[in-house]
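Close look at the chain arrangement
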Amino acid sequence: MNQSHEYWMQQALREAENALSRNEVPVGAVVIYDGLIIGKGSNQTEMLQDPTAHAEIIAITAAASYLGNKWLENCTLYVTLEPCTMCAGAIVLARIPLLIFGAYDPKAGACSSLYTITNDPRLNHRVPTKGGVFEEKCSGILKEFFFKKRAN
């Protein structure tokens, strides 16, 4: 099954909506392997009171468990928001060969906005990265969340 980046980003957006329903920052992620979702995650930092419970970390952990391997070679990670420094580091350590993200994060993005961790030549692995896929929808859910937060 050869789906488009937009199709898989829609699956990540479903995860972001799950986070939103729990009053978490609405970020979602899916790991694709051989045309299947083998890991998915949404932010759980508030629910778990864990600063590392980002959507990407949860999805990567699930995918590694599914494959029985710490390296997610031949996988693609789709995430609705440009990963932060922690998540970008985990993506590099997992040796994910392709990262696709939706909204750019000018305040914390570590894949193109503030830093380029996923493509830093000093590291042992580089991750081809494409941002801006379904950017309007991915940024829209975040803007709506923070607008409501500020209104309260």
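Higher on the page you've got the structure.
All values reported here derive from a predicted model rather than from experimental measurement. (Residues numbered from 1 in each chain as written. Predicted model: local features only at pLDDT ≥ 70, side-chain atom pairs only at ≥ 80, totals over all residues. Heavy atoms only, no water.)

**Observations concerning helix α1 (residues 5-21)**
A rise of 1.5 Å per residue sets the reference length of α1, with its 17 residues, at 24 Å; its end C-alpha atoms lie 24 Å apart and thus fit the reference within 8%. Inspection of α1 places W8, M9, Q11, A12, L13, E15, A16 and A19 among the buried residues, and these make up the whole buried set. Tucked inside the fold, the buried residues of α1 contact β1 (28-33), β2 (36-42), β3 (75-81), β4 (98-103) and α5 (135-151). After α1 finishes, the residue N23 shows a positive phi value of roughly 60°. (Helix = DSSP H or I, 4+ residues; strand = E, 2+ residues; numbered from the N terminus. Expected span 1.5 Å × (residues − 1). Buried < 20%, exposed > 50% of the residue type's maximum accessible area, 1.4 Å probe, protein only. Contact = heavy atoms within 4.5 Å.)

**Regarding the sheet that holds β4**
If you walk across this open sheet you meet the five strands as β2-β1-β3-β4-β5, and the pairing is mixed. Two strands in the sheet have a free side with no partner beyond their single neighbour: β2 and β5 (129-130). Pairing of β1 with β3, which is carried by five bridges, proceeds in the antiparallel orientation. What sits directly across from V31, in β3, is L77. Packed onto the sheet, α1 meets β1, β2, β3, β4 and β5 and runs at close to 140° relative to β1. (Pairing = 2+ DSSP bridges. Axes fitted to C-alpha atoms, helices over the stretch in contact; angles between N-to-C directions.)

**Side note on the pairing of β2**
The two faces of a sheet get side chains in turn, since along a regular strand they alternate between them. Bridge count between β1 and β2: six bridges; the pairing is antiparallel. Its bridge partner lying in β2, G28 is registered against S42. If you look at the hairpin formed by β1 and β2, you'll find two residues sitting between the two strands, and D34 has a positive phi there, around 55°.

**Some thoughts on the side chain of T118**
Within the fold, T118 resides in the loop between β4 and β5. Relative accessible area serves as the criterion here: at 0%, T118 is assigned to the buried category. Sequence-distant contacts of T118, defined by excluding residues within four places in its chain, comprise A88, I91, V92, L99, A110, C111, H125, R126, V127 and T129.

**Let's talk about the nonpolar core**
Of all hydrophobic cores here, the largest spans 43 residues; its most connected members are V31, I60, L72, L77, Y78 and L99. Of all the secondary structure elements, the ones that give two or more residues to this core are α1, β1, α3 (55-67), β3, α4 (85-93), β4 and α5. Counting residues per element, this core draws most heavily on α3, at six residues. Contacts of I60, omitting those with residues within four sequence positions, involve V31, L72, L77, A90, I91, A94 and I96. (Core = buried A, V, L, I, M, F, W, Y, C linked by side-chain atoms within 4.5 Å.)

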